[in-house]
2 protein chains.
Amino acid sequence: MPTLSVFMDVPLAHKLEGSLLKTYKQDDYPNKIFLAYRGTFPQPHGVQERFVCGLSAELSPGGPNQASGAPSVVFLTVCMTNEGHPWVSLVVQKTRLQISQDPSLNYEYLPTMGLKSFIQASLALLFGKHSQAIVENRVGGVHTVGDSGAFQLGIQFLRAWHKDARIVYIISSQKELHGLIFQDMGFTVYEYSVWDPKKLCMDPDILLNVVEQIPHGCVLVMGNIIDCKLTPSGWAKLMSMIKSKQIFPFFDIPCQGLYTSDLEEDTRILQYFVSQGFEFFCSQSLSKNFGIYDEGVGILAVVAVNNQQLLCVLSQLEGLAQALWLNPPNTGARIITSILCNPALLGEWKQSLKEVVENIMLTKEKVKEKLRLLGTPGSWGHITEQSGTHGYLGLNSQQVEYLVRKKHIYIPKNGQINFSCINANNINYITESINEAVLLTESSEMCLPKEKKP
Amino acid sequence: MPTLSVFMDVPLAHKLEGSLLKTYKQDDYPNKIFLAYRGTFPQPHGVQERFVCGLSAELSPGGPNQASGAPSVVFLTVCMTNEGHPWVSLVVQKTRLQISQDPSLNYEYLPTMGLKSFIQASLALLFGKHSQAIVENRVGGVHTVGDSGAFQLGIQFLRAWHKDARIVYIISSQKELHGLIFQDMGFTVYEYSVWDPKKLCMDPDILLNVVEQIPHGCVLVMGNIIDCKLTPSGWAKLMSMIKSKQIFPFFDIPCQGLYTSDLEEDTRILQYFVSQGFEFFCSQSLSKNFGIYDEGVGILAVVAVNNQQLLCVLSQLEGLAQALWLNPPNTGARIITSILCNPALLGEWKQSLKEVVENIMLTKEKVKEKLRLLGTPGSWGHITEQSGTHGYLGLNSQQVEYLVRKKHIYIPKNGQINFSCINANNINYITESINEAVLLTESSEMCLPKEKKP
């Protein structure tokens, strides 16, 4: 044995895994339900292994995806099917098969910047083929790895080259995931939310207020604010404040097409910023809208004020990516590029997005209708007024606590859930439980015993 | 336009791309040959794109891989076929196809630590199933991304938790690639080589000398030193110095099985260190020995002195990996695990390694024999005495310069080339050029004109 261990003083790391997931896992109740957002728990456990080792993997009697029905399996995908399995666009399966049969492909290293055709196709998807920034040759991208890669790369760049910015404001849904990366690199991280729990909507005034209050020169991480109905004058005010305060926007587009199923509509916010000549970063994930979570493929998009500056920024990012992974993996990018560059496959993919989004809207309608039929006090229109897979239930913290502790329905404190996890098997239990929670907490007599919070 | 651009002061980054590759690309000579090591030029360019966009990719008349014959295409794979194409183990193609047809697989996120079965299989491959460290439950690993991922992760850990070590010695072949990552994180980087250009062999005395001279407490990056014939007492001396100087070993095993085709033999050095109770890191790449360069899959293996310390180290690495990529990509790991866990597929893979290594040895024999037949002065036995795809030609700098400048054969300054790039089409030109270089520089009259070096 060496006389002195290098690892001697290394403590066990505090696990980032949300306490909600931890409590869920420890819960023995057979019909427990997990409805939280991926952002709140980056640690999947116990999933996937059953399927992997050996091609001869036995199919269980319950069918290929039987394990996903077992209560102990937590899927962390953004989008689930009605059967409770992670959604994969069918055209992805087909394309994967075709690629694996194509003798003309080689498996040589990709360049550090990644697959060029993939980056081009992704940028066109993000900004639109005829985007001003693309025409002016001042938008570029780096092929990134995993759900953290684009932020890791972008933040490393900002740390090195935007030294005045040491404060970042992050939209609350993304804080846990990306906030830590900013924090590790010396940024002070604040979160903001535009959800008004009283008015039960994404309030444009809250957004304008936030931007008015944040300091000059900071970084502003914005998600999709499609449900935050800014008026034209609201947009003008927002742009003008961001410009005059020299705030650097860092967009996060994790699932384009899964909000409204209209790909252009889902990134409208970027068009506004491009049209105003802003420079910014945008993390685009393509794992979720194609249903290939396990490939973790995306890009970090860069919009600069001109081509010359763009090339400088990209060259610096290349150096950083070289040290991070040297060459990004190919499979996910190859599948996506094949689909985006082939009109027939692209059409199939768009159709599959449409079906998914319609299905989620249907689920939301059903939840709303069931609550109406149950006579649950309150208005539930906000459920169907929100776009995308995730949305606020509009419950207060007492109600959320009741659902978690008494009904084994795991919902994050802010009440934002993944509606694609609700299906025919659990919708009655969920809506009845919500009704119960609301009725109990509505009663002024009702008071939860002061137990330790889970 | 914003009044002040954040990117205004960002300069164009200096490209790491080796000057050799740059010169090669600028060379118009139609039959130029590139024989350098991947480590010297991490930037492939102009490769791959032809094949990617669209599944309907046209096959050129010359056959599927025709482009690889074009002189402007540089493949950076470690191992080439006789036909000059990147080598892929056939069992990989078969497995890829089977996976893409398997309905039981899902595409859910992998845990941050990666695919558990893949890590287990990779560790067993690296250390042997019955390794003392595995039995004692003090070896673990993290599934890493790309050719830099394992070093990026390991170095981040050392920066945070091994604060006394700020000096690193790197074996010269890996210096360009990994040295920069150490440097970026504040380490002082020195390189060493164990090749004796006079004796034309890997000299164990040089290795012992290096370790004797390097300072207490530094990090030592070691590659495979299979050709460095240490005696039992040499091994004992090496171990004892590393132990007493508290040097932290960081092994780099980029292509297990491609040295001798004996998987165990190729990682024998690890067994020595395990048996002596050392703690160390090891970067294991599995892209090269399976021929799936574009998946960039590997692990960072950790050997600790006991299970408790191992768990602490792994928990810290998990936090770092979370910020780096959050979830590693699956495809490469899935293919490799399927092969390693299935005895029939494993047998096929081992057989394919055997064929590759035999083929390379045959190429080396042919080079040696052709030089003998040409009557090239000097002994060329060292060519066949070296294991693996790469080896020193044993030329001096004047001879290397002659080959590059006069014969358009691109060889790094140290004369270490990729023998798998030599095939029936170019072997005569290469050996005749070597002969010419040696004859000219042997003559005392010979002196290259003092031109600017390429």
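Along each chain, numbering runs from 1 in the same order as the chain's sequence is written. Lettering for chains starts from A, numbering for ligands starts from 1, and both go in the order in which the items are written. Side-chain atom pairs in this predicted model are given and counted only at pLDDT of 80 or more, local residue features only at pLDDT of at least 70, and totals for whole chains, interfaces and linings cover all residues. Note that the side-chain values use all heavy atoms of the structure and ignore hydrogens as well as water.

S.K.: Can you walk me through the sheet that holds strand β10 (residues 297-303) of chain B in this structure?
M.R.: In any sheet, the strands associate via hydrogen bonds between backbone groups, in a parallel or an antiparallel arrangement. All names here are of chain B. Two strands are said to pair when DSSP picks up at least two bridges between them. Secondary structure elements are taken from DSSP: a helix is a run of H or I of four residues or more, a strand is a run of E of two residues or more, and numbering for both begins at the N terminus. Ordered in space as β2-β10-β9-β8-β7-β3-β4, the 7 strands form an open sheet in which the pairing is mixed. Whereas interior strands pair on both sides, the edge strands pair on one side only; in this sheet they are β2 (139-145) and β4 (188-192). Recorded for the sheet is a direction-independent mean angle of 20° between the axes of neighbouring strands. Where strand β9 (residues 280-285) meets β10, 6 bridges bridge the pair, whose relative direction is antiparallel. Within β10, the residue paired with Gln 284 across the bridge is Ile 299. Contacts are residue-level and defined by heavy atoms, with any inter-residue pair within 4.5 Å sufficient. Fitting a line to C-alpha atoms yields each axis, with helices limited to the stretch in contact; the angle taken between N-to-C directions then spans 0 to 180 degrees. On top of the sheet, helix α6 (residues 149-161) reaches β2, β7 (219-222), β8 (248-253), β9 and β10; it is set at about 170° to β8, its chief contact.

S.K.: Would you explain helix α17 (residues 427-442) of chain A in this entry?
M.R.: For the α-helix, the turn length of 3.6 residues means that residues three or four positions removed from each other point alike. Residue and element names in this part refer to chain A. Here, expected helix span is obtained from the residue count minus one, scaled by 1.5 Å. For α17, with 16 residues, the first-to-last C-alpha span of 22 Å sits near the 22 Å given by 1.5 Å per residue. Each residue is placed in one exposure class: buried if its accessible area under a 1.4 Å probe, protein chains only, is under 20% of its type's maximum, exposed if it is over 50%, and partly exposed if it falls in between. Residues Ile 427, Ile 430, Thr 431, Ser 433, Ile 434, Asn 435, Ala 437, Val 438 and Thr 441 constitute the buried set of α17. Those residues of α17 that are buried are in contact with β1 (33-34), α14 (343-374), α16 (397-407) and β12 (409-410).

S.K.: Before we go on, may I ask you to explain the environment of Glu 108 of chain B in this structure?
M.R.: Residue and element names in this part refer to chain B. Topologically, Glu 108 is positioned in the loop between α3 (90-100) and α4 (116-127). Residue classification places Glu 108 among the buried positions, given a relative accessible area of 0%. Taking C-alpha positions, Glu 108 is 25 Å from Val 91, a pair spaced 17 residues apart along the chain.

S.K.: What's the story with unusual backbone geometry in this structure? I'm lost.
M.R.: Even without glycine at this site, Leu 326 of chain A takes up a positive phi of about 70°. With respect to the helices and strands, the residue Leu 326 of chain A is situated in the loop between α12 (307-324) and α13 (331-340). Positive phi, close to 50°, is recorded for Gln 246 of chain B, a residue that is not glycine. Position of Gln 246 of chain B relative to the elements: it lies in the loop between α9 (232-244) and β8. A residue is classified by how much of its surface remains accessible, and Gln 246 of chain B, at 29% relative accessible area, is partly exposed.

S.K.: Is there a simple way to think about the packing of aromatic side chains in this case?
M.R.: In this description, a pair of aromatic rings is defined by centroid distance and the angle of the planes. Residues and elements named next belong to chain A. Ring pairs are drawn from Phe, Tyr and Trp, using the six-membered ring of Trp, whenever the two centres fall within 6.5 Å, and their geometry is named by plane angle: stacked under 30 degrees, edge-to-face over 60, tilted for the rest. Evaluated as defined, the whole model comprises 44 aromatic pairs over all chains. With 5.2 Å between their ring centres and 80° between their planes, Phe 182 and Phe 187 make a pair best called edge-to-face. Exposure remark for Phe 182: the relative accessible area of 0% places this residue in the buried category. With centroids separated by 6.4 Å and ring planes inclined at 80°, the aromatic side chains of Phe 182 and Phe 250 adopt a geometry described as edge-to-face. Within this pair, whereas Phe 182 is found in helix α7 (residues 175-184), its partner Phe 250 is found in strand β8 (residues 248-253), the two being separated by 68 residues in sequence. Judged on exposure class, the residue Phe 182 and its partner Phe 250 are both buried. We count a charge as sitting over a ring when the NZ of a lysine or the CZ of an arginine lies within 6 Å of the ring centre and within 35 degrees of the ring normal. Taking the ring centre of Tyr 24 as reference, the NZ or CZ of Lys 32 above it sits at 4.4 Å. Lying over the aromatic face of Tyr 107, Arg 334 brings its terminal NZ or CZ to 5.0 Å of the ring centre.

Purely geometric numbers; function is a separate question.
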